[in-house]
Amino acid sequence: MPPAPIRVLLVDDDEDDHILTRGLLSSVHGARYLVDQVGTWDEGLERMAKGEHDIYLLDYRLGPRSGIELLTEARARGCRGPAIILTGLADRDLDMEAMTAGASDYLVKGRTDAMLLERSIRYAIERARTLQALERQSAELARSNAELEQFASIVSHDLRSPLQVISGYVELLQLRYRGRLDDRADEIIDKALKGVERLDALITDLLAFARLEAESRPRVPVDLAAACEVAVADLRPLIDQTGAVVTCEPMPTVVANEVQIGQVFRNLIGNALKFRGSESPRVQVGAVEANGVVTVRVSDNGPGILPRHQERIFKMFQRVPGMEGVPGTGIGLAICKKIVERHDGQIWVESDPGRGSTFAFQLPKG
Ligand code: ADP
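A brief report on the enclosed structure follows. (Residues numbered from 1 in each chain as written. Predicted model: local features only at pLDDT ≥ 70, side-chain atom pairs only at ≥ 80, totals over all residues. Heavy atoms only, no water.)

With respect to the element layout, Leu-62 can be found in strand E4 (residues 61-62). In this structure, the C-alpha to C-alpha distance between Leu-62 and Leu-94, residues 32 residues apart in sequence, is 15 Å. Setting aside its immediate chain neighbours within four residues, Leu-62 contacts Val-11, Asp-12, Asp-13, Trp-41, Gly-67 and Leu-70. (Helix = DSSP H or I, 4+ residues; strand = E, 2+ residues; numbered from the N terminus. Contact = heavy atoms within 4.5 Å.)

Written out as structure tokens, the structure reads:
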């Protein structure tokens, strides 16, 4: 089957130029063009708004207005197709202006031959197709993320109700029968309660993870030192309980989602307090700024992490073996990673096992 013809709308108020461009198109080898031509800005806008063409060739000068204005107006009216600006003279400013307005290319009349025109049209159409496919994919991704969040929300709600019933009955069992049956029974009841608590923590963390995507709070200047201090205040009971010393150094400001950055500090400092060695935890939080990127470091004097675990701990449910006694769901670092990546940053750990860990994350200054 021969390839479908390419539908071209040519908007040019100069009859000679019409003839010239048509001539070039008809001499292109292999491709067939169906050319509609209009001679005024208003007619051009009317036809472009209909979206019936594969490509728009727009003259730069259209009476008192320009082809770039026409493209801008047509875009505002929903015209999505690719456009090429045709101009009488080469000019870098005009080039920039055309690209900013969303033109795929600009060609200088009189210096354009059939091959150049054909190639420019082919590239413009291909690029528009790729862009449209990308847009479709990202819309699909947004939809599936929203579905996932809804699913997580429903599941967590639905799971939580029977869990509350179970937890209520096990607590009742404990209240009424602790010490009345035998030691084994007490142990079983304790284990059942722990299981319920763990499931509850898992549901809460899973939901927090799923909801990150839908979180659309505006990005604002966030003073990292202040966000760190808030996290420290939230963790005060655990800090007092472990005799920890947490130091927040002065840090720069980044443009970010304040709630999410607070969550990252809470998770990282919380981990530094949880995963501790025999000494009281000493946690130091500081940041440096270079070339528009801020690198934050949270260092501790805990047990450290062996190199083979350093990458996988950022995945969901991944915990280092031997740490089972420490409460947790294995979701905290996955949440940190997702937040940092949503801010176009990255997160990693540096550790000297036995001497502590440093969790570092980088964020653009914004
Ligand atoms: P959780 O804290 O619920 O276990 P995380 O995703 O926050 O889950 O952490 C994953 C694992 O990484 C932890 O279980 C622990 O083994 C290891 N880890 C995290 N932070 C530290 C730390 N500061 N020191 C040592 N190990 C850590």
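The subject of this paragraph is the sheet that holds strand E6 (residues 83-87). Spatially, E2-E1-E3-E6-E7 is the arrangement adopted by the five strands of the open sheet, whose pairing is parallel. Each of the sheet's edge strands pairs with one partner strand only, and the pair in question is strand E2 (33-38) and strand E7 (105-108). Going across the sheet, the axis of each strand differs from the next one's by a mean of 20°, ignoring polarity. Note that strand E3 (residues 55-59) and E6 share four bridges and pair parallel. Across the sheet, Asp-59 pairs through a bridge with Leu-86, a residue of E6. Here helix H4 (residues 92-100) sits on the sheet and contacts E6 and E7; the angle it forms with E7, its principal contact strand, is near 145°. (Pairing = 2+ DSSP bridges. Axes fitted to C-alpha atoms, helices over the stretch in contact; angles between N-to-C directions.)

Looking now at helix H3 (residues 67-76). Within H3, the full set of buried residues consists of Gly-67, Ile-68, Leu-70, Leu-71 and Ala-74. Projected down its long axis, H3 carries its buried residues within an arc of 155°, all on one side. Downstream of H3 by one or two residues, Gly-78 has phi in the positive range, about 95°. (Buried < 20%, exposed > 50% of the residue type's maximum accessible area, 1.4 Å probe, protein only. Arc of directions from axis to C-beta.)

Here we take up the pattern of salt bridges. Counted under the stated rule, the structure contains 23 salt bridges. Measuring nitrogen to oxygen at the nearest pair gives 3.6 Å for the salt bridge that ties Glu-187 to Lys-191. Of this pair, Glu-187 and Lys-191 both sit in helix H6 (residues 183-211), four residues apart, roughly one helical turn. Exposure remark for Lys-191: the relative accessible area of 57% places this residue in the exposed category. Asp-240 is the salt-bridge partner of Arg-236, the closest N and O atoms lying 3.4 Å from each other. Taken together, the positions of Arg-236 and Asp-240, both in helix H8 (residues 236-242) and four residues apart, correspond to about one turn of that helix. (Salt bridge = Lys/Arg side-chain N within 4 Å of Asp/Glu carboxyl O.)

A surface patch of nonpolar side chains, about 450 Å² in accessible area, is lined by Val-165, Tyr-169, Leu-172 and Leu-175. Topologically, Val-165 is positioned in helix H5 (residues 114-177). With a relative accessible area of 47%, Val-165 lands in the partly exposed category. (Patch = residues over 30% accessible without salt bridge, like charges linked within 9 Å, V, L, I, M, F, W, Y side chains within 5 Å. Areas by Shrake-Rupley, 256 points an atom, 1.4 Å probe, with all protein chains shown as cover.)

What follows covers the site of the ligand. The environment of the ligand is made up of 18 residues, and the closest members are Asn-271, Lys-274, Arg-319, Thr-329 and Leu-333. Within the side chain of Asn-271, one N or O atom sits 2.8 Å away from an oxygen atom of the ligand. At a separation of 3.3 Å, an oxygen atom of the ligand approaches a polar backbone atom of Gly-332. For the ligand, whose accessible area on its own is 530 Å², the fraction buried by protein is 98%. When atoms are counted within 2 Å of each cavity's grid points, the one that captures over half of the ligand is the largest pocket. Take the shell around the ligand: its biggest share by element is three residues, from helix H9 (residues 258-274). Residue composition of the shell around the ligand, grouped by class: eight nonpolar, seven polar and three charged. (Near = heavy atom within 4 Å. Polar contact = N/O pair within 3.5 Å; in protein donor to acceptor, adjacent residues only side chain to side chain. 1 Å grid on protein atoms, 1.4 Å probe; cavity = no way out; pocket = protein on both sides within 12 Å on 5 of 7 lines; lining within 4 Å. Sits in = over half its atoms within 2 Å of the grid points. Nonpolar A, V, L, I, M, F, W, Y, C, P; charged D, E, K, R; others polar.)

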